[in-house]
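Secondary and tertiary structure notes
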2 protein chains.
Amino acid sequence: AMAGWGWARSVRGLLLDVSGVLYDSGADGGVPIAGSAEAVRRIKASGLKLQLCTNETQATREDFVRKLRALGFDVSVAEVTAPAPAACRLLRERGLRPHLLVHHDLLPEFAEIDKTSPNCVVLGDAAENFTYANLNEAFRLLIGMEKPVLISLGKGRYYKEIDGLKLDVGAYMKALEYACDVQAEVVGKPAKRFFESALAELGVPAEQAIMIGDDIVSDVGGAQQCGMRALQVRTGKYRPSDENHPEVKPDAYVNNLAEAVDIILQQL
Amino acid sequence: AMAGWGWARSVRGLLLDVSGVLYDSGADGGVPIAGSAEAVRRIKASGLKLQLCTNETQATREDFVRKLRALGFDVSVAEVTAPAPAACRLLRERGLRPHLLVHHDLLPEFAEIDKTSPNCVVLGDAAENFTYANLNEAFRLLIGMEKPVLISLGKGRYYKEIDGLKLDVGAYMKALEYACDVQAEVVGKPAKRFFESALAELGVPAEQAIMIGDDIVSDVGGAQQCGMRALQVRTGKYRPSDENHPEVKPDAYVNNLAEAVDIILQQL
């Protein structure tokens, strides 16, 4: 796995996906992936910059960081780039008032946003809130708009929790897109604007950053389209068939984050 | 509305969509659309053949006909072409054992089908059964198959009930298609094979049949692709914007079924 990593010599910062890279999520908080907490410490000790770039929308950044710290990860709120704050910026810029179909625990991120007489729908990974009634409600609001505006916090297909794979927000986004004949605006990976925000917060240009993720399309493909190198870990939702993906080819595969950090630090 | 109906002189049979044409459906059984029950009687009295061609998957044909008769419609089970029996034929032909994500009241249609160790998923308008847990279960079965087989009883976007518009099976089909990177096989309108079954049961060739429906794509577009003429009624889920549809243009618009029958009978 060490041949052909010469390009990693110029790296100054890493963007890390979280679920499936640092830990496997689950109803009870999740479990760390072996070696990942130590890998985060080694990144920081090496002087490389680090930013978590997540499509997590089941919790506020504060709660998310609290959970990661409890799992042994030395990270702070400022080190997290997440879709909800990006969506709030977009809503404010365009004077949009959202109807929220999101996870209950994400609601505080939208506390300051005007939600009266909604003129758009914001869709997150609502999990148990993806009920038949809630989907119909979001649908009716959209189909009743002269020009429906659907903002989706990511477009992931599925993710892995301890008790199995779960449909992600992208599947429900497709359902509403089809029913309303509208195209959602995606905030979060793989949107270029979202990666650019993460790079700005990382403080490193794309050519000197590496994205490490378990999602071949959203993490790897999205980062590469922004001019970054990108690695796919063989943890989380990784499946062997990803290695035959017709469109996206990672710059390298690694077994897990610990191996990625080993190899990268050896290049420096 | 009477000019240019010369082509209707050769008509020998009518295919009628049901929800939105005969009645508006709803949790309490629905309400007839004014004039439609009388229109069905006039069709039969005229000697024209009649077949109901529905994507209804919330009930067995027996229960469906019982409901229609209670609403005043003189129809029989043999006069109903519906997706579930068509799906059962397909399952038997191909030795498929389904996991069913359908409405509870539809289950008797699949009573004779082997459902052990499922090797495909059959999706219907499951309504309240479209829970987060049930969608995840269907998804996991599909993503676990070497070659996922998803059979969808229709691909409607939405329909109208008394208390408002509801997402139809097509929206959930798109969610699973996207999550599993698979294309569903659609049984029901607008599948050509389904219209051909309905015509065979009607006993009239396509050129001598007229389809009457409220769905511009599924009813009108689907029937035209099989060589039938097709009318759109301005009842049910009809919306004025349908009249600017970029791809489908009905042979005529009518305000409702009663007006369609008036005009057609005047041509004979």
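Residues numbered from 1 in each chain as written. Chains lettered and ligands numbered in written order. Predicted model: local features only at pLDDT ≥ 70, side-chain atom pairs only at ≥ 80, totals over all residues. Heavy atoms only, no water.

Observations concerning the packing of helix α1 (residues 36–46) of chain A against helix α8 (residues 257–267) of chain A
Residue and element names in this part refer to chain A. Counted only if it meets this: Working convention: axes come from line fits to C-alpha atoms, limited for helices to the stretch in contact. Angles between N-to-C directions cover 0 to 180 degrees. Each helix is a run of H or I in the DSSP string that is no shorter than four residues. Each strand is a run of E no shorter than two, and both are numbered from the N terminus. The labels follow the angle: roughly parallel below 35 degrees, roughly antiparallel above 145, roughly perpendicular from 65 to 115, and oblique for the rest. Crossing handedness is read from the near helix: turned anticlockwise from the far helix by less than a right angle, it gives a left-handed crossing, and turned clockwise, a right-handed one. Two residues qualify as a contact provided that any one of their heavy atoms is within 4.5 Å of a heavy atom in the partner residue.
Remark: α1 packs on α8, axes separated minimally by 8 Å, with the N-to-C direction vectors making an angle of 25°. In terms of orientation, α1 lies roughly parallel with respect to α8. The crossing of α1 and α8 is left-handed. Across from Ser36, Ala39, Val40, Arg42, Ile43 and Ser46 in α1, the residues of α8 making contact are Leu257, Ala258, Val261, Asp262 and Leu265.

A closer look at the interface of chain A and chain B
Rules: By buried area we mean how much accessible surface two parts lose on assembly, using a 1.4 Å probe and totalling the loss over both. Salt bridges are identified by distance alone: a Lys or Arg side-chain nitrogen within 4 Å of an Asp or Glu carboxyl oxygen.
Across the contact, 30 residues belong to chain A and 30 residues belong to chain B. A combined buried area of about 2800 Å² lies between chain A and chain B, and 63% of that area is made up of carbon and sulfur atoms. Broken down residue by residue, the surface that chain A buries against chain B is led by Tyr132, Leu167 and Tyr178 of chain A, which jointly contribute 30%. Linking chain A to chain B there are zero salt bridges.

Considerations on the relation of the copies chain A and chain B
What counts, and what does not: Our superposition of the copies is a least-squares fit, built on the C-alpha atoms of residues whose pLDDT is at least 70 in both.
Of the transformation placing chain A onto chain B, the axial shift is 0.0 Å and the rotation is 180°, giving an RMSD of 0.0 Å. Here the symmetry operator amounts to a two-fold rotation axis. A shared binding surface is used by both copies, with 100% of the interface residues of chain A retained as interface residues in chain B.

Section: the domain arrangement of chain A
Reports often express the size of an interface as the amount of accessible area lost when the parts come together. Residues and elements named next belong to chain A. Rule in force here: Domain extents, as shown, originate in an automatic or database domain assignment.
Here chain A is described as being made up of domain 1 (12–55 + 189–267) and domain 2 (84–186). Centre-to-centre, using C-alpha coordinates, domain 1 lies 25 Å away from domain 2. With both chains or domains summed, domain 1 and domain 2 bury close to 1200 Å², and 50% of this area falls on carbon and sulfur atoms. When the area that domain 1 buries against domain 2 is broken down by residue, the three leading residues are Ser25, Arg193 and Lys237, summing to 36%. Seen at the junction of domain 1 and domain 2, the total is one salt bridge. Here Arg193 makes a salt bridge to Glu93, at a shortest N to O gap of 3.0 Å.

Some remarks on the sheet that holds strand β4 (residues 49–53) of chain A
All names here are of chain A. Definition in use: DSSP bridges decide pairing: two strands pair if at least two such bridges lie between them.
Pairing is parallel across the open sheet formed by six strands, whose spatial order is β5-β4-β1-β12-β13-β14. Edge positions in the sheet fall to β5 (80–81) and β14 (252–254), since each has one partner strand and no second. When strand β1 (residues 13–16) meets β4, the two strands line up parallel, connected through four bridges. Its bridge partner being in β4, Leu14 is matched across the sheet by Leu50. Across the face of the sheet, helix α7 (residues 216–225) comes into contact with β12 (209–213) and β13 (229–233) while running at roughly 165° to β13. α8 contacts β1, β12, β13 and β14 of the sheet and is inclined by roughly 160° relative to β12.

Quick look at the pairing of strand β8 (residues 150–153) of chain A
In regular strands, side chains alternate between the two faces of the sheet. Residue and element names in this part refer to chain A. Here is the rule we go by: Partly exposed describes any residue whose relative accessible area lies between the buried limit of under 20% and the exposed limit of over 50%, with all areas from a 1.4 Å probe on protein chains only and scaled to the type maximum. The path from the first strand over the helix to the second decides the hand: if it runs clockwise while the strands point away from the viewer, the crossover is right-handed.
Neither face of β8 is left uncovered, since the one carrying Leu150 and Ser152 and the one carrying Ile151 and Leu153 both have all their residues buried. The sheet contact formed by strand β7 (residues 120–123) and β8 spans three bridges and is parallel. Of the residues in β8, the one forming a bridge with Leu123 is Ser152. With helix α4 (residues 132–143) bridging β7 and its parallel neighbour β8, the resulting β-α-β unit is right-handed.

Looking at the packing of aromatic side chains
Here the distance between the centres and the angle between the planes together describe a pair of aromatic rings. Our working definition: Side-chain rings of Phe, Tyr and Trp (the six-membered ring for Trp) are treated as a pair once their centres are within 6.5 Å; stacked means planes under 30 degrees apart, edge-to-face means over 60, and tilted covers the remaining angles.
Scanning the model with the defined rule gives eight aromatic pairs over all chains in all. Geometrically, the ring pair formed by Phe130 of chain A and Tyr132 of chain B is tilted, given 6.5 Å between the ring centres and 35° between the ring planes. Taken as a pair, Phe130 of chain A in the loop between β7 and α4 and Tyr132 of chain B in helix α4 (residues 132–143) lie in two separate chains rather than in one. Ring pairs connect the aromatic residues Phe130 and Tyr172 of chain A together with Tyr132 of chain B, which therefore count as one cluster.

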